[in-house]
Amino acid sequence: MEKIISYPLSVIYYLLFGITLVFFHVVQWICFNLFGYKAHKKSVDVLSFFLVFNTYILGTRYKISGLEKLPTDSP
C-alpha cells in the first residue's frame, strides 16, 4: 500500500521541487545582482525553508535532539 501511495506523492514532490528551484534561481539572481550579498543570503535562507517544507508532502518528519549540548561560545 505504501508503494502505491509513494508514486503519486513522488511526482507531486518532484514538480514542487523543480518549481521551487526555478523560482528561487530567478529570485537569487535578482537579489544578488541588484541588492547585494545580504539580500542574496536572505533569499537562500528562504529557499532552504521551502526545500525542507516540500519534504513534508512525502510525510517526512524531523526531530532534532541534543540542542542543549551545542556550545554557545563558538560558531
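A brief report on the enclosed structure follows.

The rules behind these values
Positions within a chain are numbered from 1, following the residues in the order the chain's sequence is written. In view of the model being predicted, local features appear only for residues whose pLDDT reaches at least 70, and side-chain atom pairs are presented and counted only at 80 or more, with totals across whole chains, interfaces and linings using the full set of residues. Note that water and hydrogens are dropped before the side-chain values are worked out from all heavy atoms of the structure. Comment: elements are numbered from the N terminus, with helices defined as DSSP H or I runs of at least four residues and strands as E runs of at least two. We take the radius of gyration over the C-alpha atoms and set the globule estimate at 2.2 Å times the residue count to the 0.38 power. Relative accessibility decides the category of a residue: with a 1.4 Å probe and only protein chains considered, values under 20% of the type maximum give buried, values over 50% give exposed, and everything between is partly exposed. Working rule for contacts: check all heavy atoms of both residues, and any pair within 4.5 Å makes them a contact. For every accessible area listed, the method is Shrake-Rupley and the probe measures 1.4 Å; residues are considered covered only by the protein chains on display. Only four residue types enter the charge count, namely Lys and Arg as positive and Asp and Glu as negative; His and the chain termini do not. Think of each charge as sitting on NZ of Lys, CZ of Arg, CG of Asp or CD of Glu. Here the expected length of a helix is defined as 1.5 Å per residue gap, with one fewer gap than residues. Side-chain rings of Phe, Tyr and Trp (the six-membered ring for Trp) are treated as a pair once their centres are within 6.5 Å; stacked means planes under 30 degrees apart, edge-to-face means over 60, and tilted covers the remaining angles. Patch definition: residues above 30% relative accessible area lacking any salt bridge, with like charges linked at up to 9 Å and the nonpolar side chains Val, Leu, Ile, Met, Phe, Trp and Tyr linked at up to 5 Å. We define a salt bridge as a contact between a side-chain nitrogen of Lys or Arg and a carboxyl oxygen of Asp or Glu at a distance within 4 Å. All axes are obtained by fitting lines to C-alpha atoms, using only the stretch in contact for helices, and the reported angles, taken between N-to-C directions, cover 0 to 180 degrees. Orientation categories follow fixed angle ranges, with anything under 35 degrees roughly parallel, anything over 145 roughly antiparallel, 65 to 115 roughly perpendicular, and all other angles oblique. Under the convention adopted here, Pro, Cys and the residues Ala, Val, Leu, Ile, Met, Phe, Trp and Tyr are nonpolar, Asp, Glu, Lys and Arg are charged, and Gly plus all remaining residues are polar.

### A look at the overall build of the protein chain
Then, number 1: Secondary structure assignment for the protein chain yields two helices and zero strands.
Then, number 2: For 75 residues, the compact-globule estimate of 2.2 N^0.38 gives 11 Å, and the protein chain exceeds it by more than 25% at 17 Å.
Then, number 3: Expressed along its principal axes, the backbone C-alpha trace of the protein chain runs to roughly 45 × 40 × 10 Å.
Then, number 4: Taken across its 75 residues, the protein chain has 12% of its residues classed as buried.
Then, number 5: At a minimum sequence separation of 6, the contacts of the protein chain that also span at least 24 residues come to 55%.
Then, number 6: Entry remark: accessible area of the protein chain is about 6600 Å², with carbon and sulfur atoms responsible for 71%.
Then, number 7: A distance of 6 Å separates the average location of the 7 positive side-chain charges in the protein chain from that of its 4 negative side-chain charges.

### Quick look at helix H2 (residues 37-55)
Then, number 1: Helix length check: H2 (19 residues) gives 27 Å between terminal C-alpha atoms against 27 Å at 1.5 Å per residue, within 8%.
Then, number 2: Buried residues in H2 make contact with helix H1 (2-35).

### Things to note about the packing of aromatic side chains
Then, number 1: One pass over the structure, following the stated rule, counts eight aromatic pairs.
Then, number 2: Aromatic side chains Phe-49 and Phe-53 sit 6.0 Å apart centroid to centroid with 20° between the ring planes, which places their arrangement in the stacked category. Of this pair, Phe-49 and Phe-53 both sit in helix H2, four residues apart, which is roughly one turn of the helix.
Then, number 3: Exposure remark for Phe-53: the relative accessible area of 46% places this residue in the partly exposed category.
Then, number 4: Pairwise contacts between aromatic rings join Phe-23, Phe-24, Phe-49, Phe-50, Phe-53, Tyr-56 and Tyr-62 into one cluster.

### A look at the environment of Thr-72
Then, number 1: With respect to the secondary-structure elements, Thr-72 resides in the segment after H2.
Then, number 2: When its relative accessible area of 82% is taken as the criterion, Thr-72 is described as exposed.

### Description of a nonpolar patch on the surface
Then, number 1: A contiguous nonpolar surface patch, about 660 Å² in accessible area, is contributed by Val-46, Phe-49, Phe-50, Val-52, Phe-53, Tyr-56 and Tyr-62.
Then, number 2: Here Phe-50 shows up in helix H2.
Then, number 3: Accessibility expressed as a relative area gives 34% for Phe-50, which makes it partly exposed.

### Notes on the packing of H1 against H2
Then, number 1: Contact pair H1 / H2: the axes reach a minimum separation of 8 Å and the direction vectors enclose 170°. Comparing their axes, H2 and H1 come out roughly antiparallel. Residue-level inspection shows Tyr-13, Leu-16, Phe-17, Thr-20, Leu-21, Phe-24, Val-27, Gln-28, Cys-31, Phe-32 and Phe-35 of H1 in contact with H2, the latter providing Tyr-37, Ala-39, His-40, Ser-43, Val-44, Val-46, Leu-47, Phe-50, Leu-51, Asn-54 and Thr-55.
Then, number 2: A per-class count over the contact of H1 with H2 returns 16 nonpolar, six polar and no charged.

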